[in-house]
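A closer look at the structure
Read off the chains here:
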Amino acid sequence: MVFLKEQLEPYIGQPVIKATGDAKNIPFDLLAGQPLITIETFGKELFFIFPAFAVRIHLMLFGKYAINGKLNRTLRLGLRFESGEEINFYACDCRFLSEPLDNVYDWRTDVLHPSFDPAIALAKLQQQPQKLICEALLDQSILAGVGNGIKNEVLFRNQIHPESQVGEISAVVLQKLVQACVMQSDAYLHWKQAGMEGEHWQVYKQKLCPRDDIPLRKEKIGKSRRTSYFCDKCQHLYLPDVTE
DNA sequence: GGTTATGTTATTTC
DNA sequence: AGAAATAACATAAC
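Before going into details, it helps to say that this report is about the structure given with it. Not measured: the values here are computed from a predicted model. (Residues numbered from 1 in each chain as written. Chains lettered and ligands numbered in written order. Predicted model: local features only at pLDDT ≥ 70, side-chain atom pairs only at ≥ 80, totals over all residues. Heavy atoms only, no water.)

1. Looking at the protein's contact with DNA strand B
- Close to DNA strand B lie 15 residues; Leu-61, Phe-62, Tyr-204, Lys-220 and Arg-226 are nearest.
- Sugar plus phosphate: this is where 67% of the atoms of DNA strand B within 4 Å of the protein reside.
- Between Tyr-188 and DNA strand B, the recorded distance is 3.2 Å, taken from a side-chain N or O atom to a base oxygen.
- Between DNA strand B and the protein, one listed contact pairs a phosphate oxygen with a side-chain N or O atom of Thr-227 at 3.2 Å.
- At the level of elements, β9 (217–221) and β10 (226–230) are the ones that each hand at least two residues to the surface near DNA strand B.
- Looking at the surface near DNA strand B residue by residue, the classes come out as five nonpolar, five polar and five charged. (Near = heavy atom within 4 Å. Polar contact = N/O pair within 3.5 Å; in protein donor to acceptor, adjacent residues only side chain to side chain. Helix = DSSP H or I, 4+ residues; strand = E, 2+ residues; numbered from the N terminus. Nonpolar A, V, L, I, M, F, W, Y, C, P; charged D, E, K, R; others polar.)

Structure below.
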């Protein structure tokens, strides 16, 4: 969402002339005339901040947007600005927030936020020792913004098997993983900015392990059944010692 | 044409 | 009641 925020920065300061769409819980009439104070992001969420409220956008799996254009589908939320330019959102989740964002979001958990605090992420990971590492990294309350691609890349690059249990991984290694999530998220943003999205995945959506050319495993792991791409040969599995 | 997929929340079930 | 499983949403690509 940071990528989208950057593209929308020209609209900051402009009043919304008209708001349209089929989003529930969005007061389209109230939006008209409101000046866009600023735009914020938290993980995969984007916020349009107005003087007395905010509008939250989450693209989920299928969300799309068009800047100064329309897509051939049902409009969820469209904002036209004073300059005549507009932003249109489709198939996304929109919410109206009347509470200050600081009361709802802890910016220190957002991997791309300047105030991200790795010590908090580490502590939260250690509070869930039974969790599988592949699920823990996707937990938005621990590492907001980390998605399935970044999860797979971070685990491969640190040679950690996705089915490893958090409690069996040392603090030093967990710390490395947290750091890697930040670096990988940062790198992903740079790829997007360079228009080279998808060209830098080492394992995500790939067939062969780049280290030794053997086939990668692709499996749905854990309660959330999200796909993990991994190499059993390169990635070490940390499990409790069952020899009693 | 069936399955899968950058994700999360609501509902149902136990 | 509360945890855990399942459904729901919505759309393009393989």
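Alright, that's what it looks like, and here's the rest.
2. Examining the environment of Cys-92
- Checked against the element boundaries, Cys-92 lands in the loop between β7 (86–90) and β8 (93–97).
- Under the relative-accessibility criterion, Cys-92 is labelled buried at 3%.
- Between the C-alpha atoms of Cys-92 and Lys-64, which are 28 residues apart in sequence, the distance is 7.1 Å.
- Look past the residues within four positions of Cys-92 in its chain and what remains in contact with it is Ile-57, His-58, Leu-59, Gly-63 and Arg-76. (Buried < 20%, exposed > 50% of the residue type's maximum accessible area, 1.4 Å probe, protein only. Contact = heavy atoms within 4.5 Å.)

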